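Geometric and topological summary
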Amino acid sequence: MEARHPSKILMTTDTVGGVWNYTIELVGALAPFGTQVALATMGGPLSADQRRQVEELNNLTLHESDYKLEWMDDPWEDVEKAGEWLLQLKDEVQPDIVHLNAMVHGALEWGVPVVVVVHSCVMSWWRAVKDEEAPKDWDKYKEMVTRGLQATNMVIAPTQAMMNQAEALYGPFQARTVIYNGRAQNTYQFGKKEPFIFSMGRVWDEAKNISMLAHIASDLQWPVYIAGDEKHPATGNSVELDNVHFLGQLSEKEVVDWLSRASIYALPARYEPFGLTILEAAMSGCALVIGKTESLMEIWGNAARYVDPQNADELRDTLNNLIEDEFGRNIMGCRAVKRSHGYTADPMGQDYDHIYRQLLRSSVKI
């Protein structure tokens, strides 16, 4: 007997990073299966653009909160309250499956199958960005995440590299699989390319390493435009960027326009477990210059130029070489587009639906 599609899912998400875009894309990709999603938000209020995205999805019901996320400063009182709120929501919604996009709530008494997605984590971030183990202040985080992941029925990561790190740090897991993230290809356009370099992301996050791009921008032959949030959501501290055109937070429509015109997309990330902005740039036909990390090499193969995230000179030279080599730039843009075809929203939705159905089939034993 074929397992049924889940009719209702309780899903969590945060409002401050790429997890939001992943969530909206996944909810849309689950609509063809008749799956309704009750979406519980944490981390901060929704932006106007996020509210518009919610309104466009017929299979989504929004439940908002302002609870701190597990990686924020001293979050544990909020984490406990958020857990109580989520269990109340579960009783109201009566979901077939709980899908958590943060890790610590995996150990709650859900009573239904639970999926937890490891989008990133503080321990692996610290190793990659600081080149050392996270300090003792993060011991409780590690303990709570370990408990959450080991209690869940299925742990999912967006790359094999991220899964390997998660299992080494927090495992063993009951079950695990890799599902690559995806974006709707028809959202992004391969437009007439113009002579500039573009980058975007959480400017305050050292992992993105956008400040290194700003540092070498005055040595580049083309201008550099950077979009994103320069203010840390927990501390409120801002990052100052010299030598570049800073655009601030852009709407989805504005991002699509900038990417369609950018000849080169640069993100010399020290740590990027998947990198949705790189995928969006690839779908837009940008030549990619990205950090040489295990996860990014897994995703992009020969469709990107890689740079050592610690080496500003290498980033400068790689970008200037691409600027001077129109043929090479066009080749890399075409390779990026072709490679991006493997990371679209519909297959992502099918893969998640398959996992949900597997869990529902075996939930009699859970």
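As a reminder, the structure under discussion sits directly above these lines.
Here's the deal with the overall build of the protein chain
Regarding its fold elements, the protein chain presents 13 helices and 13 strands. In summary, the protein chain has a C-alpha radius of gyration of 20 Å against a globular reference of 21 Å for 366 residues, a match within 12%. For the protein chain, the C-alpha atoms occupy an extent of roughly 60 × 45 × 35 Å along the three principal directions. Here the protein chain, with 366 residues, has 57% of them falling under the buried criterion. By sequence separation, contacts in the protein chain at least 24 residues apart represent 68% of the contacts at least 6 residues apart. For the protein chain, the accessible surface area stands at approximately 15900 Å², while carbon and sulfur atoms represent 45% of it.

Overview of empty space enclosed by the protein
Tallied over the full model, the rule gives one cavity of 30 Å³ or more. As a volume, the largest cavity reaches approximately 40 Å³. Lining the largest cavity, in full, are Met 42, Lys 68, Leu 69, Glu 70, Val 79, Ala 102, Val 104 and His 105. Of the residues in the lining of the largest cavity, the class split is five nonpolar, one polar and two charged.

Regarding the pattern of salt bridges
Summed over the entire model, instances satisfying the criterion amount to 21 salt bridges. Put simply, Arg 51 and Glu 64 hold a salt bridge, and the shortest N to O gap is 2.8 Å. With Arg 51 in helix 2 (residues 48–55) and Glu 64 in strand 3 (residues 60–64), this pair connects stretches of sequence that are 13 residues apart. Accessibility expressed as a relative area gives 32% for Arg 51, which makes it partly exposed. Among the residues examined, Glu 64 registers a relative accessible area of 40% and is labelled partly exposed. Residues Asp 205 and Arg 202 are paired through a salt bridge, measuring 3.0 Å at the closest nitrogen-oxygen approach. Residue classification places Asp 205 among the buried residues on the basis of a relative accessible area of 7%. Classification of Arg 202 by relative accessible area gives partly exposed; the value is 22%. Through salt bridges with shared partners, one network takes in Glu 25, Asp 49, Arg 52, Glu 56, Arg 183, Glu 252 and Glu 280.

Calculation rules
- Residues numbered from 1 in each chain as written.
- Predicted model: local features only at pLDDT ≥ 70, side-chain atom pairs only at ≥ 80, totals over all residues.
- Heavy atoms only, no water.
- Helix = DSSP H or I, 4+ residues; strand = E, 2+ residues; numbered from the N terminus.
- Rg over C-alpha atoms; globule rule 2.2 N^0.38 Å.
- Buried < 20%, exposed > 50% of the residue type's maximum accessible area, 1.4 Å probe, protein only.
- Contact = heavy atoms within 4.5 Å.
- Areas by Shrake-Rupley, 256 points an atom, 1.4 Å probe, with all protein chains shown as cover.
- 1 Å grid on protein atoms, 1.4 Å probe; cavity = no way out; pocket = protein on both sides within 12 Å on 5 of 7 lines; lining within 4 Å.
- Points joined across faces, edges and corners; volume = space filled by probe spheres on them.
- Nonpolar A, V, L, I, M, F, W, Y, C, P; charged D, E, K, R; others polar.
- Salt bridge = Lys/Arg side-chain N within 4 Å of Asp/Glu carboxyl O.

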